[in-house]
Amino acid sequence: MKKLNVKADSRQRRHARIRARVSGTKEMPRLSIYKSNRHMFAQIIDDTTGETIVGLSSAKAEGKNMTEKSKSLGQMIAKAAVAKKITKICFDRGGFKYTGKIKLFADSAREGGLKF
């Protein structure tokens with residue numbers, strides 16, 4: 001295996017382990033997050049029907065840098081979920097470690113009214 005692919009492969013294995021345990025239902029959908037080098041993407045998904053209920057990206061979020069945008073994205077996704085009468089979710093961190101921008105996103109979503 002090339003050294004270049006080790007980080008991405010590790011994240012994909014972590015994500016597979018998480019997805020084996022985490023699944024969204026109509027009553028408690030899954031909040032999935034993906035982080036690229038430039039943006040973050042968040043979706044609230046009902047896995048029983050395979051339907052995306054809410055989907056947002058940090059391209060629409062406010063902030064100068066990625067940290068501020070991730071915090072803003074968490075507040076935006078929480079506001080959109082509460083508008084659709086969703087308060088309880090299960091969090092799918094997408095194989096990313098729960099530090100930095102992922103933690104800021106989750107904390108701001110909790111402040112916005114989501115419980116997970």
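Not measured: the values here are computed from a predicted model.

(A) Representation of the packing of aromatic side chains. Under the counting rule described, the total for this entry stands at five aromatic pairs. Where phenylalanine 91 meets tyrosine 98, the ring centres are 6.4 Å apart and the plane angle is 80°; that geometry is what we call edge-to-face. The exposure class of phenylalanine 91 is buried, given its relative accessible area of 16%. Each residue in the set Phe91, Tyr98, Phe105 and Phe116 is aromatic and connected to the rest through ring pairs, giving one cluster. Directly above the ring of phenylalanine 116 sits arginine 110, whose terminal nitrogen or CZ lies 4.3 Å from the centroid.

(B) Examining the environment of methionine 40 more closely. Within the secondary structure, methionine 40 sits in strand S2 (residues 40-46). Linking methionine 40 and lysine 115, residues 75 residues apart in sequence, is a C-alpha distance of 20 Å. Ignoring any residue separated from it by four or fewer positions in sequence, one finds methionine 40 in contact with Ile33, Tyr34, Lys35, Leu56, Ser57, Ser58, Met66, Ser70, Leu73, Lys101, Ile102 and Phe105.

(C) Quick look at the sheet that holds strand S4 (residues 90-92). Strand order in the open sheet formed by four strands is S3-S2-S1-S4, with mixed pairing between adjacent strands. Of all strands in the sheet, those bounded by a partner on one side alone are strand S3 (51-57) and S4. Direction aside, neighbouring strands of the sheet carry axes that sit 20° apart on average. Packed onto the sheet, helix H2 (residues 66-83) meets strand S1 (30-35), S2 and S3 and runs at close to 20° relative to S2.

(D) Summary view of the layout of surface pockets. Of the pockets and cavities examined, the largest pocket occupies roughly 480 Å³. Taken together, 18 residues make up the lining of the largest pocket; nearest its centre are Lys7, Arg11, Lys35, Asn37 and Phe96. When residues of the lining of the largest pocket are traced back to their parent elements, those giving at least two are helix H1 (6-21), S1 and helix H3 (101-111). Counted by class, the lining of the largest pocket contains five nonpolar, seven polar and six charged residues. Taken as a whole, the second largest pocket encloses approximately 190 Å³ of empty space. Lys26, Glu27, Pro29, Asp46, Thr49, Glu51, Ile53, Lys84, Lys85, Ile86, Thr87 and Lys88 together form the lining of the second largest pocket. Its residues placed into classes, the lining of the second largest pocket shows three nonpolar, two polar and seven charged.

(E) Region of the structure containing the pattern of salt bridges. Under the definition given, this model contains five salt bridges. Here lysine 103 and aspartate 107 are joined by a salt bridge, their closest N and O atoms 3.3 Å apart. Separated by four residues within a single helix, lysine 103 and aspartate 107 lie in helix H3, roughly one turn from each other. A relative accessible area of 27% places aspartate 107 in the partly exposed class. In this structure, aspartate 107 and arginine 110 form a salt bridge, with 3.4 Å as the shortest nitrogen-oxygen distance. Of this pair, aspartate 107 and arginine 110 both sit in helix H3, three residues apart, which is roughly one turn of that helix. We classify arginine 110 as partly exposed; its relative accessible area is 35%. Members of the salt-bridge network, linked through shared partners, are Arg19, Arg30, Asp47 and Asp92.

Each value, and the rule that gives it
Residues numbered from 1 in each chain as written. Predicted model: local features only at pLDDT ≥ 70, side-chain atom pairs only at ≥ 80, totals over all residues. Heavy atoms only, no water. Phe/Tyr/Trp six-rings, centres within 6.5 Å; stacked < 30°, edge-to-face > 60°. Buried < 20%, exposed > 50% of the residue type's maximum accessible area, 1.4 Å probe, protein only. Lys NZ or Arg CZ within 6 Å of the ring centre and 35° of its normal. Helix = DSSP H or I, 4+ residues; strand = E, 2+ residues; numbered from the N terminus. Contact = heavy atoms within 4.5 Å. Pairing = 2+ DSSP bridges. Axes fitted to C-alpha atoms, helices over the stretch in contact; angles between N-to-C directions. 1 Å grid on protein atoms, 1.4 Å probe; cavity = no way out; pocket = protein on both sides within 12 Å on 5 of 7 lines; lining within 4 Å. Points joined across faces, edges and corners; volume = space filled by probe spheres on them. Nonpolar A, V, L, I, M, F, W, Y, C, P; charged D, E, K, R; others polar. Salt bridge = Lys/Arg side-chain N within 4 Å of Asp/Glu carboxyl O.

What is shown is where atoms sit, not what they do.
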